[in-house]
Amino acid sequence: MGDLYKLIESLRVQRHDFMNDLQIIYGYLQVDKEDKAKEYIDKLSVQNKYLSEIYSLGDLYLGYSLEKNIKECSSKHIEINIDIEISKLSKKPFDFEYNKKINLVNNIFNELEKNEPECIHIYIFEDSIGESVFISNNNSMIDEINWMESWSIINTSIDDIKVYKCEYGDNLAYRLVF
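All of these numbers come straight from a predicted model, not from anything done at the bench. (Residues numbered from 1 in each chain as written. Predicted model: local features only at pLDDT ≥ 70, side-chain atom pairs only at ≥ 80, totals over all residues. Heavy atoms only, no water.)

1. Re the pairing of strand β5 (residues 162-168)
Bridge count between strand β4 (residues 152-154) and β5: three bridges; the pairing is antiparallel. Its bridge partner being in β5, S152 is matched across the sheet by K165. In this structure, β5 lies alongside strand β6 (residues 171-177), joined through seven bridges in antiparallel fashion. Its bridge partner lying in β6, Y168 is registered against N171. The turn joining β5 and β6, which pair antiparallel and follow one another in sequence, is formed by two residues; a positive phi near 65 degrees is taken by G169. (Pairing = 2+ DSSP bridges. Helix = DSSP H or I, 4+ residues; strand = E, 2+ residues; numbered from the N terminus.)

2. Some remarks on the layout of surface pockets
Approximately 1300 Å³ is the volume found for the largest pocket. Around the largest pocket, the lining comprises 37 residues; the ones closest to its centre are V13, D17, E67, K68 and K71. Contributions of two or more residues to the lining of the largest pocket are made by α1 (2-30), α2 (34-55), α3 (60-75) and α4 (98-113). Among the elements that take part in the lining of the largest pocket, α1 stands out by supplying 16 residues, more than any other. In this model, the second largest pocket occupies a volume close to 250 Å³. Lining the second largest pocket are K43, V46, Q47, Y50, I70, S74, H77, I78, E79, I80, N81 and I82. (1 Å grid on protein atoms, 1.4 Å probe; cavity = no way out; pocket = protein on both sides within 12 Å on 5 of 7 lines; lining within 4 Å. Points joined across faces, edges and corners; volume = space filled by probe spheres on them.)

Fair warning: the whole summary comes from geometry, so function is off the table for now.
Have a look at this one:
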């Protein structure tokens, strides 16, 4: 029953967001701001292109957790920058214990939002450590991936994901490794 409720609630929120998007576009058109309407449509198009790429990685729960947070950030006027370097995950890391993992991603975004960033960066890639999702409030933190020994390991009760955190002043980065 709980999962069905969550699905129905998610569909309700999605429909509500869709109606809001239509109202914004319609509002721009009513006041003869066609270029603003086109900009908004382009923004939605780019966002949905990246969401499609995230879902095509093969893990629906990971896709859902990122989509939920991306849309929430967007509604708060926080820009999202997404870079995906892999086409498919070798496994579905969020399938097992997905509630804990979705909560983990939610907590990461909440922590990043505390510093009121203008932009949150998401980088999905693979290197010698493993397939990873990097989430940060500063794009320059991506350079810190080369210095993983300086990152803190975050202890979680999740067995199949390692969580790393790097902090430099107000700049935060998290790396989930599968």
